[in-house]
Amino acid sequence: MRFRILGPTQVVLADGREVPVGGPRLRALLTLLLLDAGRVVSAERLIDGLYGEQPPRGAANALQSQVSRLRQALPAEHDPVELHPAGYRLAVDPDDVDAYRFERLAEAGSRALGGGDWPRAAGLLREALELWRGPALADATGVSAQAARLDELRLAAIENRVEADLALGAHGTLIAELRELVVAHPLRERSRGQLMRALAALGRPAEALAEFEDARHTLADQLGVDPSAELAAVHLAVLRGEERGSAESVLPSQLTTFVGREEELKRVGDLLGERRLVTLTGPGGAGKTRLAIEAAGRVDGEVRFVELAGLADGSDVPQAVLSALGLRDAGLRAPAESGWQTTDRLVEALAERRLLLVLDNCEHVLVDAARLAARLLSACPALRVLATSREPLGLAGEALCPLSGLTLPPLGASVLDADEYAAVGLFSQRAADVAPDFTVTPANVEMVLRICRSLDGLPLAIELAAARLRALPVAEVAARLDDRFRLLSTGNRAASPRHRTLRAVVEWSWDLLDNAERQVARRLTVFAGGATLEAAELVCGLPAAEFVDALTGLVDKSFVEMAGGRYRMLETVRAFCAERLAEAGEADQLRRAHTAYFLEFAWTASDRLRCAEQLHWLRRLDAERDNLHAALRRATAAGDASDAAGMVAALSFYWWLRGMRGEGARLAADVLELLGTEAPPGLGEEFALCVYNASLAGSGSLPSLGTQRSVIRSLDRPPRQPFLLYLSGISTGPPSGGAEDVDELMGELRRLVGPDPWINALGAMGSGSALMWSDQRDRARAALATALDGFRGTGDRWGTMITLGALGELAAWQGDPETAGAHMDEAMGLVEALGSAVDQADMLRTRGETRLRASDLAGAHDDFAGALFLAQRSGAPEFVASARLGLAQVARVRGDLAAARRFCEEALTGGLTGWYVGEAARAEIILVLKEITEAEKAGAPPSADGA
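Residues numbered from 1 in each chain as written. Predicted model: local features only at pLDDT ≥ 70, side-chain atom pairs only at ≥ 80, totals over all residues. Heavy atoms only, no water.

*Asks:* Sorry if this is basic, but what is going on with the pattern of salt bridges here?
*Replies:* Two side chains carrying opposite charge are able to pair once their charged atoms lie near each other. In total, this model carries 52 salt bridges according to the counting rule given. A salt bridge links Arg-179 to Glu-207, with the shortest nitrogen-to-oxygen separation between them at 3.0 Å. Here Glu-207 lies in helix α9 (residues 205-223) and Arg-179 lies in helix α7 (residues 175-184), a separation of 28 residues in the sequence. Using a relative accessible area of 29% as the deciding quantity, one classes Arg-179 as partly exposed. A salt bridge links Arg-580 to Glu-583; its shortest N-O distance comes to 2.6 Å. Highlighted residues: Arg-580 and Glu-583, both in helix α25 (residues 571-583), separated by three residues, approximately one helical turn. Among the charged side chains, a salt-bridge network with shared partners connects Glu-213, Arg-216, Asp-825, Arg-847, Arg-851, Asp-856, Asp-862 and Asp-863. (Salt bridge = Lys/Arg side-chain N within 4 Å of Asp/Glu carboxyl O. Helix = DSSP H or I, 4+ residues; strand = E, 2+ residues; numbered from the N terminus. Buried < 20%, exposed > 50% of the residue type's maximum accessible area, 1.4 Å probe, protein only.)

This is the structure in structure tokens:
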């Protein structure tokens, strides 16, 4: 029999039939006995449980009667109720009682969870929780303590099961359940933290942070306490972006299994445990990238993968690392600091961060990659670097792990012996991918061995050869390879055999392509970072049906990979095909076609960035960033001034939104060298945008454009890139006459552009900001409200965020903390949607200031602390300083003048010179230090209003 007390009391036979127990009194008696299954329960305890503190006269006789009735109710063949001198005993196995079985399974699940066995933990805990059918001990009275204990165990089991599911990546399915748990148990911080983590992992950090705010208020209102250290740690992890790991992979996903390299994998792992720079070296096609990915995937802690193969210039290496880290070289609300280099930002961001940085394909940018690795490793003690290159980086302390071919069986190996060697295993697996019936047999083993040996076990060469089995028998593959190698033996004998072999297999595969496939293969090499089907078709220039057939053939023959809707070539194959493009005399034609396509794409995307499709087009631009910058560089190098300047103009707003002002400045400066010191005819707007972009990162002596008014008056048509208006204001500052001059200037602009809602919203935002700083607060609020309506109407999150930030600050100035908080919370959500940690730090700092003005010291402290973490992680010294200043203000108001002084002194160290935001922060810190000194002398801290 099975006994159930986790819900209404039930007795169930082995065949599933329920045994009727009787009325409430009998079910209560059975429950009391089951709570001590297998043990004697005294008559006194049973009487107390059945009748309470005032049992009836003759309660002992009544108990005997109830026991007798219970024995009659249960099947006679079992008769588990026993009479003992000290009381009664239910002679059943505790594991036949659901409460006992629940505790055993829950404990086993908890142990599995602690041991990191997530699937087993989730299974055991689900099995345990499925035993519950309602409130525990529902048919018994006087057992509230036991029922409460079981309910607590149930909640703990639910939380443990959720923890296992989170570890298994089931975030989306947990949200509704966790919300119900939080509503039912608002003071349970673990469930709240799990909900925050699930939301953040799904890319919804704004909701996660809102949950923390709700928890903070609930705990303060009901218990008068702050969140626990554990929940605060989750809060900080969300702010840092550490709970987003399951939402975005940091290592490229692999479509095939990893074969061989066990010894090399162990060696790399051991080296990474001992050394801070490890470089995998070897010829193209040796599998360096794949080994690096596998090794990095087994490393504990944070990993970031940086693909360098698509870079055309070594100066782009720091920006590639910055992008891989998800960082910007400037924020949404401010330009990059003059003279502040991308490498400086990386040093700031990684100074105290424990991280493995994988730099893949360094050989063509070797000097710059080595220089950056040396700088980062010397300045960031917790950083490790794993590089792949055809030659060492050449740095002191570099540990090398050279790769050659996979292991090969000896001559005369049998089928059984051959399968144990990695080269044969790889060939067999890849051959089975294209020819499912293929296996290594006694009949073909010699031909398989001949192929693998001829290719020296190089993984890429083996994979290319195995792909031929889609159309050729293995004997034909072996024969063709032999023929090809004999022809090559009269070539460059100075080249290493492996390089000759790899080139041979690519060339042999090229010979098997038809004419259309060769056309597409060589023309695809003009793309950097892969291509969409649409882009590839338009640039390659073949008829649609012919192009699709050719591209499909290239994918089938392993010349091209398709993943995530994009087509890419392995770098070795791409280099070979690029030579064929040059031989065909098509390089310049394809360059122009590629530039034309991506210039049109950039302008289309730029227009969409000012509307509700902003995030979608940002992602599309991110995917094509390598192609866009390659097209810009090629146009600049070829002297195509109109295309190069047009690309700078089209990309200006994108660079700003993605915080890529340092890289944009370098590209724009190169175009300016081509344009000269004055705008060529018809390129006035493009020339101005080149100047402004170059100026944002301090690109040296630049042509003068005059004031914002003169720039606007120089236009004879509405700007194709309306962001020119914002850049001109950022670069030259607002009109000297204040708000009135802004209004007059915006009036001139409206007459030029007409009723453009985005430009009108931008003008209203400029007017509102000028009115704020001239202390005309009512007029400022009206102008900013107009701007907010305009930006919301267009769907532009950036403009909406900027305006909300200004409105939040204005509301705080006017003593309306509730409105200020609402504006800042909404702005925070928009910053998160735009994907910028540095701007999130800026918004947290701003919200902290509004909370400080409202005397919400705990909230202000949390915001400033979060801003500090994010700013440090983003390598943004200006925001590190302002966050520390905020913490100093909180400490000062709390009366901890020593801490306030320490925060101020720390804020003054580094990163505060060279541009107006940094200089303003320095001046404010010095002022606060003077106020702290005065407070120390007076013996009393200033109030929050003085912040």
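*Asks:* How should the sheet that holds strand β7 (residues 277-281) be read in this particular structure?
*Replies:* Spatial strand order, β8-β9-β10-β7-β11: five strands in an open sheet with parallel pairing. A strand with exactly one partner marks an edge of an open sheet, and here the two such strands are β8 (302-307) and β11 (399-402). Between one strand axis and the next, the sheet turns through 15 degrees on average, direction left out of account. Relative to β11, β7 runs parallel, the two sharing four bridges. Looking at β11, one finds that Val-278 is bridged to Ala-399. The strands touched by helix α12 (residues 288-297) are β7, β8, β9 (355-360) and β10 (383-389); relative to β10, the strand with the most contacts, the crossing angle is about 160 degrees. Relative to β10, helix α15 (residues 366-379) is tilted by about 165 degrees, and along the sheet it contacts β7, β9 and β10. (Pairing = 2+ DSSP bridges. Axes fitted to C-alpha atoms, helices over the stretch in contact; angles between N-to-C directions. Contact = heavy atoms within 4.5 Å.)

*Asks:* Help me understand the sheet that holds strand β4 (residues 40-42), please; the structure alone is not making it clear to me.
*Replies:* Paired through backbone hydrogen bonds, the strands of a sheet run either parallel or antiparallel to each other. Across the sheet, three strands lie side by side as β4-β6-β5; this open sheet has antiparallel pairing. In the strand order of this sheet, the two ends are held by β4 and β5 (81-84), each with one partner. Averaged over all pairs of adjacent strands, the angle between strand axes in this sheet comes to 30 degrees, irrespective of strand direction. Note that β4 and strand β6 (residues 87-90) share three bridges and pair antiparallel. When the sheet's bridge partners are listed, Ser-42 is paired in β6 with Gly-87. Most of the contacts of helix α1 (residues 24-35) go to β6, to which it runs at about 80 degrees, and overall it touches β4 and β6.

*Asks:* It is not clear to me how the side chain of Thr-803 should be interpreted in this structure. Could you clarify?
*Replies:* Along the chain, the position of Thr-803 falls in helix α37 (residues 797-813). When its relative accessible area of 0% is taken as the criterion, Thr-803 is described as buried. Not counting residues up to four positions away in its chain, the partners in contact with Thr-803 are Met-765, Leu-784, Ala-787, Leu-788 and Phe-791.

*Asks:* How should the packing of aromatic side chains be read in this particular structure?
*Replies:* The relative placement of two aromatic rings is captured by the distance of their centres and the angle of their planes. Here the structure, examined in full by the defined rule, presents 17 aromatic pairs. With a centroid separation of 5.5 Å and an interplanar angle of 85 degrees, the aromatic rings of Phe-102 and Trp-132 are classed as edge-to-face. Separated by 30 residues along the polypeptide, Phe-102 in helix α4 (residues 98-114) and Trp-132 in the loop between α5 (118-129) and α6 (144-167) bring together distant segments of the chain. A residue is classified by how much of its surface remains accessible, and Trp-132, at 8% relative accessible area, is buried. (Phe/Tyr/Trp six-rings, centres within 6.5 Å; stacked < 30°, edge-to-face > 60°.)

*Asks:* For this particular structure, what's the right way to read helix α30 (residues 661-675)?
*Replies:* Residues lying three or four places apart along an α-helix face the same way, a consequence of the helix completing one turn every 3.6 residues. With 15 residues, α30 extends 20 Å between its outermost C-alpha atoms, agreeing within 8% with the 21 Å of an ideal straight helix rising 1.5 Å per residue. Regarding α30, the residues found buried are Arg-661, Gly-662, Glu-663, Gly-664, Ala-665, Leu-667, Ala-668, Ala-669, Val-671, Leu-672 and Leu-675. Packing partners of the buried residues in α30 comprise α13 (317-324), α28 (625-637), α29 (641-657) and α31 (684-695). At the exit of α30 stands Gly-676, carrying a positive phi of roughly 95 degrees. (Expected span 1.5 Å × (residues − 1).)

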